[in-house]
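A structural walkthrough
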Amino acid sequence: MDNKAEVREFLMTRRAKVSPEEAGITGGGNRRVAGLRRSEVAALAGLSVEYYARIERGAIGGASSSVLDALSRALRLDDTEHAHLLDLARAADGVPTSGRPRRKTVRAAAPRISLQWALDSITDGVAFVRNQRQDLLATNNLGKAFYAPIIGDGGRVPNLARFQFLDPVSREFYPDWDAFAQMCVSIMRAEAGRDPHDKGLQDLVGELSTRDETFRTLWGAHNVRSHGAGKKRFNHPIVGEVHLAYEELVITADPGSILMVYTAEPGSPSAERLHLLGSWAAEHIPSSS
């Protein structure tokens, strides 16, 4: 990915999102474009207009942490956007994210047996491991049943992003499809900033940009977000609608991989349906162990 283009588009889209009123600027009428002017961002960040203009053109290499922090405040970036700006600056300087060696692009492999044991020990929730490219690497038994529309009959490694944008079934599985699509792309954007040399992710972005207009539009918005925790709604083909809470856990032994756990509120209709799906999985899906 072109780092200068990434920096330019990210800063321009962030600048367009901040209104003069939000920034405390008055008397700024007759604007040709939405958001703040370059001169206003520079003034808010305490930078010269010329220096900010160079940064926005992509020349972010060498920018100090104080400058980046000032820009984040001026553009009202949230924590994830701020981290993304730092990642773009590190990439421009040739510094690996957080000082760690760059992750090698490797083919998806079977999980460690101990990791599979950990997944299998989670029996009342959907648990799975995905990497930064949205590949679904491993699941517990309930996860296999839950994500059956994505996993299919095997073969190619199941990928959450391909399912989201290229499989019509996703619009039935995700009742809130638009929100899921924005979340998926924003997470991928953040991952691309953390590791711009990940060829697998670059190839996936290229494939989806070529094949799906919605993905292409969302990717061009340069929005970033972290997953963290929250709630989602699904429409499962076997048990119907379920409302689940999710927690994202980083797997420190496998940089770039995370563990996701979906659970239902105890005693709720969704919990009953998840239990029903677990019973179905016990009868129809072979155990991983």
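Here, the structure is the one placed above.
Below is a summary of the structure that appears in this document. (Residues numbered from 1 in each chain as written. Predicted model: local features only at pLDDT ≥ 70, side-chain atom pairs only at ≥ 80, totals over all residues. Heavy atoms only, no water.)

**Observations regarding the nonpolar core**
Threshold: Here, nonpolar core refers to any group of buried Ala, Val, Leu, Ile, Met, Phe, Trp, Tyr and Cys residues whose side-chain atoms link them within 4.5 Å. Only protein chains enter the accessibility calculation, which uses a 1.4 Å probe; a residue whose area is less than 20% of its type maximum is buried, one above 50% is exposed, and one in between is partly exposed. What counts as a helix is a DSSP run of H or I of at least four residues, what counts as a strand is a run of E of at least two, and both are numbered from the N terminus. In this analysis, two residues are considered to be in contact whenever any of their non-hydrogen atoms come within 4.5 Å of each other.
One finds Phe146, Tyr147, Tyr174, Met188, Phe234 and Tyr262 to be the most contacted residues of the largest nonpolar core, which totals 43 residues. In terms of residues, this core owes the most to one element, helix α11 (residues 177–194), which gives nine residues. With sequence-adjacent residues up to four places away left out, Phe146 is seen in contact with Val126, Phe173, Phe234, His236, Val242, Leu244 and Leu277.

**A few points about the packing of helix α4 (residues 65–74) against helix α5 (residues 79–93)**
Going by this rule: To get an axis, fit a line to the C-alpha atoms, keeping to the stretch in contact for a helix; angles then go from 0 to 180 degrees between the N-to-C directions. Left-handed describes a crossing whose near helix is turned anticlockwise from the far helix by less than a right angle; the clockwise case is right-handed. We call Asp, Glu, Lys and Arg charged. Ala, Val, Leu, Ile, Met, Phe, Trp, Tyr, Cys and Pro are nonpolar, and the rest, Gly among them, are polar.
Put simply, α4 and α5 touch, their axes get as near as 10 Å, and they point 145° apart. Remark: the crossing between α4 and α5 carries right-handed chirality. Contact with α4, carried on its side by Leu68, Asp69, Leu71 and Ser72, involves His82, Leu85, Leu86 and Ala89 of α5 and no other residues of that element. Among the residues forming the contact of α4 with α5, the class breakdown is five nonpolar, two polar and one charged.

**Structural notes on helix α14 (residues 269–284)**
Rules: The span expected for a helix works out to 1.5 Å for each residue beyond the first. To be clear, the arc concerns the directions from the helix axis to the C-beta atoms.
Relative to the 22 Å expected for 16 residues at 1.5 Å per residue, α14 spans 23 Å between its end C-alpha atoms, a close match to the ideal helical length. When α14 is considered as a whole, its buried residues turn out to be Ser270, Ala271, Leu274, Leu277 and Ala281. One side of α14 carries all its buried residues, which in axial view fall inside an arc of 120°. Along α14, the residues that are exposed and aim more than 90 degrees away from the buried face are Pro269, Glu272, His275, Leu276, Ala282 and Glu283. Those residues of α14 that are buried lie in contact with β1 (126–130), α7 (141–146), β3 (229–236), β4 (240–250) and β5 (258–263).

**As for the side chain of Glu6**
Keep this limit in mind: A 3.5 Å cut-off defines polar contacts: any pair of N or O atoms within that distance qualifies, except that in protein one atom must be a possible hydrogen donor and the other a possible acceptor, and neighbouring residues in sequence count only when both atoms are side-chain atoms.
Residue placement: Glu6 occurs in helix α1 (residues 3–17). The exposure class of Glu6 is buried, given its relative accessible area of 15%. Within polar-contact distance, the side chain of Glu6 engages the side chain of Arg189 at 2.2 Å.

**Regarding the pairing of strand β2 (residues 136–139)**
To keep it simple, the criterion reads: One bridge is not enough; two strands pair if DSSP finds at least two bridges between them.
Direction of pairing for β1 relative to β2: antiparallel, over a ladder of three bridges. Across the sheet, the residue bridging to Phe128 is Thr139, located in β2. In this structure, the hairpin formed by β1 and β2 is closed by a connection of five residues, where Gln134 is found at a positive phi of approximately 70°.

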